[in-house]
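Summary of structural features
What follows is each chain in one-letter form.
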Amino acid sequence: MIEDTLIDFKKKVSKLGYKIESIYFEFTDLDKIYSLSDCNKIEKIDKEKYLKFKMSTDDLFKIVNAEIHPEDLMFDKKIKISGDISIIS
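Each chain carries its own residue numbering, running from 1 in the written order of its sequence. Confidence filtering applies because this is a predicted model: local features only for residues at pLDDT of at least 70, side-chain atom pairs given and counted only at 80 or more, and all residues used for totals across whole chains, interfaces and linings. Hydrogen atoms and water are omitted, and side-chain values are computed over all heavy atoms in the structure.

Quick word on the overall build of the chain
By definition, any uninterrupted DSSP run of H or I lasting at least four residues is a helix, any uninterrupted run of E lasting at least two residues is a strand, and each is numbered from the N terminus. Secondary structure summary: the chain contains 3 helices and 5 strands in total. The order of α-helices and β-strands along the chain, N terminus first, is α-β-β-β-β-α-α-β. Dimensions along the principal axes, computed over C-alpha positions, put the chain at roughly 30 × 25 × 25 Å. The buried label applies to any residue whose accessible area, calculated with a 1.4 Å probe on protein chains only, is under 20% of its type's maximum; exposed applies above 50%, and partly exposed to all values in between. Per-residue burial for the chain yields a buried fraction of 36% across its 89 residues. Relative to all contacts within the chain whose residues are 6 or more apart in sequence, the contacts with residues 24 or more apart total 65%. Total accessible area on the chain is roughly 5,800 Å²; 49% of this is exposed by carbon and sulfur atoms. Under the counting rule used here, the positive set is Lys and Arg, the negative set is Asp and Glu, and His together with the chain ends is not counted. Lys charges are placed at NZ, Arg charges at CZ, Asp charges at CG and Glu charges at CD. On the chain, the mean spot of the 16 positive side-chain charges and the mean spot of the 18 negative ones are 2 Å from each other. Here, two residues are considered to be in contact whenever any of their heavy atoms come within 4.5 Å of each other. Shrake-Rupley sampling with a 1.4 Å probe provides the accessible areas, and residues are treated as covered by the protein chains on show and by no other component.

Some thoughts on the side chain of Lys52
With respect to the secondary-structure elements, Lys52 resides in strand β4 (residues 51–55). Given a relative accessible area of 17%, Lys52 falls into the buried group. Among the polar contacts listed, one links the side chain of Lys52 to the side chain of Glu26, at a separation of 2.7 Å. In this structure, Lys52 is in contact with Tyr24, Glu26, Ile45, Lys80, Ile81 and Ser82, ignoring residues within four places of it in sequence. We call two N or O atoms a polar contact when they sit within 3.5 Å, provided that within protein one can donate a hydrogen and the other can accept it, with sequence-adjacent residues counted only if both atoms are side-chain atoms.

So, in structure tokens, the structure goes:
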């Protein structure tokens, strides 16, 4: 189920030209990390330059389904971002 949601999200952001091979999601409720490029679970991030979003799966569902804007969750401290933000510039 989380893989399908990531695939949907990947389709939406791929149109924007971001380096999706360097974007990861760490889900706090699953205690797992997923790569956005292949939408599968990974053991660890092995890239020097990466961007990681740490959040719950519920928050990702809300973002993908346009129920909430990501900035709203960031200000609520429900999403933590680490790594190199230039990946999405």
